Amino acid sequence: MATPVVTKTAWKLQEIVAHASNVSSLVLGKGSGRLLATGGDDCRVNLWSINKPNCIMSLTGHTSPVESVRLNTPEELIVAGSQSGSIRVWDLEAAKTPSSCDRPSLLGQKSTGRSHTKRMWSCLLSMAQPEGEVLRTLMGHKANICSLDFHPYGEFVASGSQDTNIKLWDIRRKGCVFRYRGHSQAVRCLRFSPDGKWLASAADDHTVKLWDLTAGKMMSEFPGHAGPVNVVEFHPNEYLLASGSSDRTIRFWDLEKFQVVSCIEGEPGPVRSILFNPDGCCLYSGCQDSLRVYGWEPERCFDVVLVNWGKVADLAICNNQLIGVAFSQSNVSSYVVDLTRVTRTGMVAQDPVQDSLPLAQQPPLPTAPLRRIYERPSTTCSKPQRVKQNSESERRSPSSEDDRDERESRAEIQNAEDYNEIFQPKNSISRTPPRRSEPFPAPPEDDTATAKEAAKPSPAMDTQFPVPNLEVLSWPQVITSTPVPKAEPAIIPAARNEPIGLKASDFLPAVKIPQQTELVDEDAMSQIRKGHDTMCVVLTSRHKNLDTVRAMWTTGDIKTSVDSAVAINDLSVVVDLLNIVNQKASLWKLDLCTTILPQIEKLLQSKYESYVQTGCTSLKLILQRFLPLITDILAAPPSVGVDISREERLHKCRLCYKQLKSISGLVKSKSGLSGRHGSAFRELHLLMASLD
């Protein structure tokens, strides 16, 4: 029997030695996902093509280590900032094709030794000489350049420095257009909004700021992080901003109401790399040795993919694959994650046939955006909006020393064939032809070839009985003339457009006379009203129970309100209350856990998806906040004398530990499920590993 090839979800693509010294910064081209730029302590900027071992081009000119690099979306320009505060911009497509230097005839000459090597490098360097002005030098910052970004439409570059200033530069005029002051510490990340009207900045002062480019002032400040903010990203369509911090949280900000939407806690380490999916359905977070997929309304983890990339530095998406790059000393490694095998949405199809498919292959349900959508210019050739100009004293033109630096800067093309393939225009109509690249093939699983050889039938078998291709025959669906009734799903999804387990015919009067084909309206309405009174009683009872819990909640005693909800013995009320408590982690106390944990065990066993999601969220909060405390108190030696408060705390910890041990078996049994339920239970199983 043939063994099918199992496609890997994530794999390592390559590892290269990028610089002669340590790598200090790198960035992926977001347009193609195939171009990599690295900056090193050797003061160089090197360009690489992903999955190719040779350097395409090396850009020189900086006299101090390069600490920040950025490519524009068309991957035509690259900007690099150094430790000294200088910024240089290169046009990667402006290098002219060599005409005066005939490379084949040069290689055919019989010169040897250093003279031949020198002539070859002179030929290659002549390819990088500009047809006009290729390189720009921007001076003005007084400390390290920590962050850079290109304007999506205009010829502007934003720079953030350790001197706490943000500057907007006009590439064409080589001058500072405006300076934004507001941060008190180093600016670690800058991002332009998709429509090019705003600029978001993240800094070590624990804040995120939003700047209006047209007005030239700060629109809003987003405090809330407890550590330095390392990265910010705009949603590709909606007015939404995500920020990642060293406090191991990701926060989502509404750019209409200027308030926090949700907060994801419990990241394995500082958040340094996040990326929205191109359609905006989810957010990817490059964690320590894993990729996590998040939603934000409400906050939840769709999937966790194990990737041995260590501390990933940048992410890009191309051909339904996520490419991640990481660096250590002088080495740079690239990794690929197949997004078709990753759960990226919380929607579940209602059709049982679709339920049997992987979640990544299910068609998403159409949803309307919750916020406004960016209004982009009609074409990329349109002029950017007029930016508020700075005063003459603020603007600075390049000095003669800067001009000398420009003349000394150069581009050394290491691999001429790769350079021509990527950067040189292929036709006279479009300066940058569309880049078409195939997805990176996944490496085969171990022993796959051996299994295939063992599965081949012998020649004697071929002459007697032809063996069918079992891989092909196992895929088509069996179609019968007898209609198969739709079975009720094991877990009722939270988002559905029709009732589960109900038939409209059950509410209509039965047809007693075969000849009677029309139903009287009065008879149909009387049958429908029979269940109406019962439903009203159920909803009235639930409303009364919620009023009781609300009355206790207004007194400020959270423990009493939770106890009252548990005493009612209605899981729907408990779910409604937990959905509120989960929004604010500071409300959780140790005595509250002793009451909630038995209810969480019931929720995890429920057939309703919303109940299971709420139970997972609450259990995750308890494990993150209280499990280290519980294990430390239980492992501590007994105290000398009588300490009533310590004895009470010890009793609560023992009770919680016993309840968590009971839940751990349930979580372990459900961690083998597929889809988002399985990923949630697998994450809980990892958090509960210390209980074993």
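Residues numbered from 1 in each chain as written. Predicted model: local features only at pLDDT ≥ 70, side-chain atom pairs only at ≥ 80, totals over all residues. Heavy atoms only, no water.

- You'll find the protein chain entered in an unreviewed UniProt entry as Katanin p80 WD40 repeat-containing subunit B1, with Molossus molossus given as the organism.
- Taken verbatim from the UniProt record of the protein chain, the Sequence similarities (unreviewed entry) comment is "Belongs to the WD repeat KATNB1 family." (UniProt positions renumbered as here; feature names shortened; annotations may be inferred.)

1. Here's the deal with the overall build of the protein chain
So, step 1. The number of helices and strands found in the protein chain is 15 helices and 29 strands.
So, step 2. Out of the 692 residues in the protein chain, the part that is buried amounts to 46%.
So, step 3. A separation threshold of at least 6 residues defines the contact pool for the protein chain, and within that pool the share at least 24 residues apart is 57%.
So, step 4. Of the roughly 36300 Å² of accessible surface on the protein chain, a fraction of 53% belongs to carbon and sulfur atoms. (Helix = DSSP H or I, 4+ residues; strand = E, 2+ residues; numbered from the N terminus. Buried < 20%, exposed > 50% of the residue type's maximum accessible area, 1.4 Å probe, protein only. Contact = heavy atoms within 4.5 Å. Areas by Shrake-Rupley, 256 points an atom, 1.4 Å probe, with all protein chains shown as cover.)

2. So, the sheet that holds strand β12 (residues 166-170)
So, step 1. Pairing is antiparallel across the open sheet formed by 4 strands, whose spatial order is β10-β11-β12-β13. Strand pairing shows two members of the sheet lacking a second neighbour, β10 (145-150) and β13 (175-180), which therefore form its edges. Each adjacent strand pair in this sheet contributes to an overall mean axis angle of 25 degrees, direction not counted.
So, step 2. Where β10 meets strand β11 (residues 156-161), 5 bridges bridge the pair, whose relative direction is antiparallel. Residue pairing in the sheet places S147 in a bridge with G160 of β11. (Pairing = 2+ DSSP bridges. Axes fitted to C-alpha atoms, helices over the stretch in contact; angles between N-to-C directions.)

3. With respect to the packing of aromatic side chains
The relative placement of two aromatic rings is captured by the distance of their centres and the angle of their planes.
So, step 1. As enumerated under the stated definition, the model contains 9 aromatic pairs in all.
So, step 2. Summarising the aromatic geometry, the rings of F178 and Y180 are spaced 5.1 Å apart at their centres and angled 50 degrees between planes, so their arrangement reads as tilted.
So, step 3. The exposure class assigned to Y180 is buried, which follows from its relative accessible area of 1%.
So, step 4. A cation sits over an aromatic face here: R34 above F440, 3.9 Å from the ring centre. (Phe/Tyr/Trp six-rings, centres within 6.5 Å; stacked < 30°, edge-to-face > 60°. Lys NZ or Arg CZ within 6 Å of the ring centre and 35° of its normal.)

4. Observations concerning the confidence of the model for the protein chain
So, step 1. Per-residue pLDDT for the protein chain averages 75, and the proportion of residues at 70 or more is 70%.
So, step 2. Looking across the protein chain, the model is least confident in helix α1 (residues 103-108), with a mean pLDDT of 34, and most confident in strand β18 (residues 229-234), with 96.
So, step 3. Across residues 379-401, where pLDDT falls below 50, the model places 37 contacts with residues more than four positions away in sequence or in other chains. (pLDDT = per-residue confidence, 0-100.)

5. A look at unusual backbone geometry
So, step 1. Look at the link from E297 to P298: it is a cis peptide, with omega at -5 degrees.
So, step 2. With respect to the helices, strands and loops of the structure, P298 is situated in the loop between β24 (290-296) and β25 (299-306).
So, step 3. Despite not being glycine, E75 has its phi angle at roughly 60 degrees, a positive value.
So, step 4. Residue F258 is not a glycine yet carries a positive backbone phi of 55 degrees.
So, step 5. Note on placement: F258 falls in the loop between β20 (250-254) and β21 (259-264).
So, step 6. For F258, a relative accessible area of 33% puts it in the partly exposed group.

6. Describing the nonpolar core
So, step 1. Core analysis: the biggest nonpolar cluster contains 43 residues, and W588, L597, L604, L619, L660 and V667 have the highest contact counts within it.
So, step 2. With 11 residues, the top contributor of residues to this core is helix α13 (residues 609-635).
So, step 3. Once residues lying within four places of it in the same chain are set aside, the contact partners of L660 are L597, L619, L623, L627, I630, M688 and L691.
So, step 4. Grouped together as the second largest cluster of nonpolar side chains are 28 residues, W198, V208, L241 and I250 included. (Core = buried A, V, L, I, M, F, W, Y, C linked by side-chain atoms within 4.5 Å.)

7. Here we look at the pattern of salt bridges
So, step 1. Using the criterion set out here, one finds 10 salt bridges in the structure.
So, step 2. Between K30 and D314 there is a salt bridge, with its nearest N and O atoms 2.9 Å apart. Linking K30 in the loop between β2 (23-28) and β3 (35-40) with D314 in strand β26 (residues 312-318), this pair joins segments that are 284 residues apart in sequence.
So, step 3. Residue K30 is classed as partly exposed on the basis of its relative accessible area of 28%.
So, step 4. D314 sits in the buried class, given a relative accessible area of 10%.
So, step 5. Here K620 makes a salt bridge to E683, at a shortest N to O gap of 3.2 Å. Pair noted here: K620 is in helix α13 and E683 is in helix α15 (residues 675-687), with a separation of 63 residues, a long-range link.
So, step 6. Overall, E683 belongs to the buried group, its relative accessible area being 9%. (Salt bridge = Lys/Arg side-chain N within 4 Å of Asp/Glu carboxyl O.)

8. A few points about the packing of helix α12 (residues 590-604) against helix α14 (residues 644-670)
So, step 1. Packing of α12 against α14 leaves a shortest axis separation of 9 Å and a crossing angle of 20 degrees. Taken as axis vectors, α12 and α14 run roughly parallel relative to one another. When the axes of α12 and α14 are compared, the crossing they make is left-handed. Residues L590, D591, C593, T594, L597, P598, E601 and L604 of α12 lie in contact with α14, whose contacting residues are R649, K652, C653, L655, C656, Q659, L660, S662, I663, L666, V667 and K670.
So, step 2. Among the residues forming the contact of α12 with α14, the class breakdown is 12 nonpolar, 3 polar and 5 charged. (Parallel < 35°, antiparallel > 145°, perpendicular 65-115°, else oblique. Left-handed = near helix turned anticlockwise from the far one by under 90°. Nonpolar A, V, L, I, M, F, W, Y, C, P; charged D, E, K, R; others polar.)

9. Topic: the state of the cysteines
Should the sulfur atoms of two cysteines be covalently bonded, the bond is a disulfide.
So, step 1. Taken as a whole, this structure holds 0 disulfides when the rule is applied.
So, step 2. Here C281 stays free of any disulfide, with the sulfur of C282 as its closest cysteine sulfur at 3.8 Å.
So, step 3. Exposure remark for C281: the relative accessible area of 29% places this residue in the partly exposed category. (Disulfide = S-S within 2.5 Å.)

10. Some thoughts on the pairing of strand β14 (residues 187-192)
So, step 1. In terms of residue burial, β14 counts as a mostly covered element, since 5 of its 6 residues are buried.
So, step 2. Where β14 and strand β15 (residues 198-203) come together, 5 bridges link them in antiparallel fashion. Of the residues in β15, the one forming a bridge with L190 is S201.
So, step 3. Between β14 and β15, which pair antiparallel in sequence order, lie 5 residues; one of them, G196, sits at a positive phi of approximately 75 degrees.

11. A word on the pairing of strand β4 (residues 45-49)
Remember that side chains alternate between the two faces of the sheet whenever the strand is regular.
So, step 1. Burial of β4 is extensive: 5 of the 5 residues sit out of reach of the surface.
So, step 2. Along β4, one buried face is formed by V45, L47 and S49 and the opposite face, lined by N46 and W48, is buried too.
So, step 3. Sheet topology places β3 next to β4; 5 bridges connect them, and they run antiparallel. If you follow G39 over to β4, its bridge partner there is V45.
So, step 4. Sheet topology note: the β4/strand β5 (residues 55-60) ladder contains 4 bridges and is antiparallel.

12. Side note on the side chain of Q599
So, step 1. With respect to the helices and strands, Q599 occurs in helix α12.
So, step 2. On the basis of relative accessible area, Q599 is assigned to the buried category, the value being 9%.
So, step 3. Sequence-distant contacts of Q599, defined by excluding residues within four places in its chain, comprise V566, L571 and V574.

13. Re the sheet that holds strand β22 (residues 274-276)
So, step 1. The 4 strands lie next to each other as β22-β23-β24-β25, forming an open sheet whose pairing is antiparallel. Every interior strand has two partners, whereas the edge strands, β22 and β25, have only one. The average undirected angle you get between the axes of adjacent strands in this sheet is 25 degrees.
So, step 2. Strand direction decides the pairing type here: β24 and β25, joined by 7 bridges, are antiparallel. When the bridges of β25 are listed, L291 appears paired with V305.

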